[in-house]
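# Structural features, examined
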Amino acid sequence: RVILFLLSHMEFDNFCYNTQAYMADKLKVAQPDISKTLKSLELKGLIFRERTERGKVIRVSAVIAWRGRTGKEFEKRYAMDSEHIVDIREAVDSK
């Protein structure tokens, strides 16, 4: 549910400016659960936590979605993000 929330709330260039507390409130779950889920998504390469001029933000990987202009920026982000995404098959096989 968290990744769906992020996808539906992401802005231009895949940034999501909502706080964990806001996400927890809207999804009706505890904030620590949001934190754990975000960490898991980050480890899998599906999201990235970054700092911008607006503060801490979550950026959804360009590999799974893109909201912005296509062209060089998308190609750059896609190439960069695809290096970090975990192969689901490897994750399942390692368990």
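The structure we're discussing is the one just above.
Now for a description of the structure that goes with this document. (Residues numbered from 1 in each chain as written. Predicted model: local features only at pLDDT ≥ 70, side-chain atom pairs only at ≥ 80, totals over all residues. Heavy atoms only, no water.)

### Structural notes on the environment of Phe 5
Mapped onto the elements of the fold, Phe 5 is located in helix H1 (residues 2-9). A residue is classified by how much of its surface remains accessible, and Phe 5, at 7% relative accessible area, is buried. Through-space distance from the C-alpha of Phe 5 to that of Leu 27 is 8.2 Å; in sequence the pair is 22 residues apart. Excluding residues within four positions of it along the chain, Phe 5 makes contact with Asn 18, Tyr 22, Met 23, Lys 26 and Leu 27. (Helix = DSSP H or I, 4+ residues; strand = E, 2+ residues; numbered from the N terminus. Buried < 20%, exposed > 50% of the residue type's maximum accessible area, 1.4 Å probe, protein only. Contact = heavy atoms within 4.5 Å.)

### Quick look at the packing of aromatic side chains
Taken as a whole and assessed by the stated rule, the structure comprises 4 aromatic pairs. A ring pair is formed by Phe 15 and Tyr 17, whose centres lie 6.2 Å apart and whose planes are at 35°; its orientation type is tilted. Looking at Phe 15, the relative accessible area reads 9%, which means it is buried. Judged by relative accessible area, Tyr 17 falls into the partly exposed class, the value being 24%. Taken together, the ring pairs in this structure connect Trp 66, Phe 74 and Tyr 78 into an aromatic cluster. (Phe/Tyr/Trp six-rings, centres within 6.5 Å; stacked < 30°, edge-to-face > 60°.)

### So, the environment of Leu 6
Position of Leu 6 relative to the elements: it lies in helix H1. Separated by 10 residues in the primary sequence, Leu 6 and Cys 16 place their C-alpha atoms 6.4 Å from one another.

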